[in-house]
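# Structure at a glance
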Amino acid sequence: MSLIGNHALRAIMVATIIARLLSAIVNYLLNRHMVFGNAGEQTLLKYGALLAVQTVASGYLTHGLTVMLPFGSAHWAPTVAKMLGDFCLFLISYYIQKNLIFKEGQHV
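This write-up is about the structure you can find in this document. Quantities reported herein were computed from a predicted structural model and do not represent experimental measurements. (Residues numbered from 1 in each chain as written. Predicted model: local features only at pLDDT ≥ 70, side-chain atom pairs only at ≥ 80, totals over all residues. Heavy atoms only, no water.)

Turning to the overall build of the protein, a few remarks are in order. Scanning the protein for helices and strands turns up three helices and zero strands. If you list the helices and strands of the protein from N to C, you get α-α-α. Here the protein holds 108 residues, and 34% of them are scored as buried. Intrachain contacts of the protein at a sequence separation of at least 6 include 71% that bridge at least 24 residues. Carbon together with sulfur atoms contributes 71% to the accessible area of the protein, which is approximately 7100 Å² in total. (Helix = DSSP H or I, 4+ residues; strand = E, 2+ residues; numbered from the N terminus. Buried < 20%, exposed > 50% of the residue type's maximum accessible area, 1.4 Å probe, protein only. Contact = heavy atoms within 4.5 Å. Areas by Shrake-Rupley, 256 points an atom, 1.4 Å probe, with all protein chains shown as cover.)

Laid out in structure tokens, this is it:
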């Protein structure tokens, strides 16, 4: 966000997409091999779908929370909004990965 320079929805979405793409490969490999022990079938496709939905949700949630925060015009408001929104998305994502994507008993 600091590089893009504003808090508009478009800037938040661009920053979110860039960040997600850069971290997606490492996250997938760590989750698949270390966290969930190689469980699941067609995990890359499922993870990619989750990543796409989570990226869009993160961008809109960050923007929405920034606007709703009482200090939304502050320079650091999107950072606080991102932390709050992404924490909630992390919990949901972990549940989905554990129970749908890398479900035990399904091995590739």
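Attention now goes to the nonpolar core. Counting residues in each nonpolar core, the largest one holds six residues, listed as Tyr28, Phe36, Tyr47, Leu50, Ile101 and Phe102. With near-sequence residues (within four places) excluded, Leu50 lies in contact with Ser93, Ile96, Gln97 and Ile101. (Core = buried A, V, L, I, M, F, W, Y, C linked by side-chain atoms within 4.5 Å.)

Once that is clear, we can look at the packing of helix α2 (residues 43–68) against helix α3 (residues 77–101). Two numbers describe how α2 lies on α3: the axes approach to 9 Å, and their chain directions differ by 155°. In terms of orientation, α2 lies roughly antiparallel with respect to α3. Handedness of the crossing formed by α2 with α3: right-handed. Grouping the constituent residues of the contact of α2 with α3 by class yields 14 nonpolar, eight polar and three charged. (Axes fitted to C-alpha atoms, helices over the stretch in contact; angles between N-to-C directions. Parallel < 35°, antiparallel > 145°, perpendicular 65-115°, else oblique. Left-handed = near helix turned anticlockwise from the far one by under 90°. Nonpolar A, V, L, I, M, F, W, Y, C, P; charged D, E, K, R; others polar.)

Turning next to the packing of aromatic side chains. Evaluation of the coordinates by the stated rule reveals six aromatic pairs. On the basis of an interplanar angle of 35° and a centroid distance of 5.7 Å, the ring pair of Phe36 and Tyr94 is categorised as tilted. Of this pair, Phe36 sits in the loop between α1 (9–35) and α2 while Tyr94 sits in helix α3, and the two are 58 residues apart along the sequence. Judged by relative accessible area, Phe36 falls into the buried class, the value being 10%. What links up through ring pairs into an aromatic cluster is the set Tyr28, Phe36, Tyr47, Tyr94 and Phe102. (Phe/Tyr/Trp six-rings, centres within 6.5 Å; stacked < 30°, edge-to-face > 60°.)

Our next topic: α1. Counted at 1.5 Å a residue, the expected span for α1 with its 27 residues is 39 Å, but the 33 Å between its end C-alpha atoms falls short. When we look at burial in α1, the residues that qualify are Ala11, Ile12, Met13, Ala15, Thr16, Arg20, Ala24, Tyr28, Asn31 and Arg32. Elements in contact with the buried residues of α1: α2 and α3. Gly37 lies just past α1 and shows a positive phi near 55°. (Expected span 1.5 Å × (residues − 1).)

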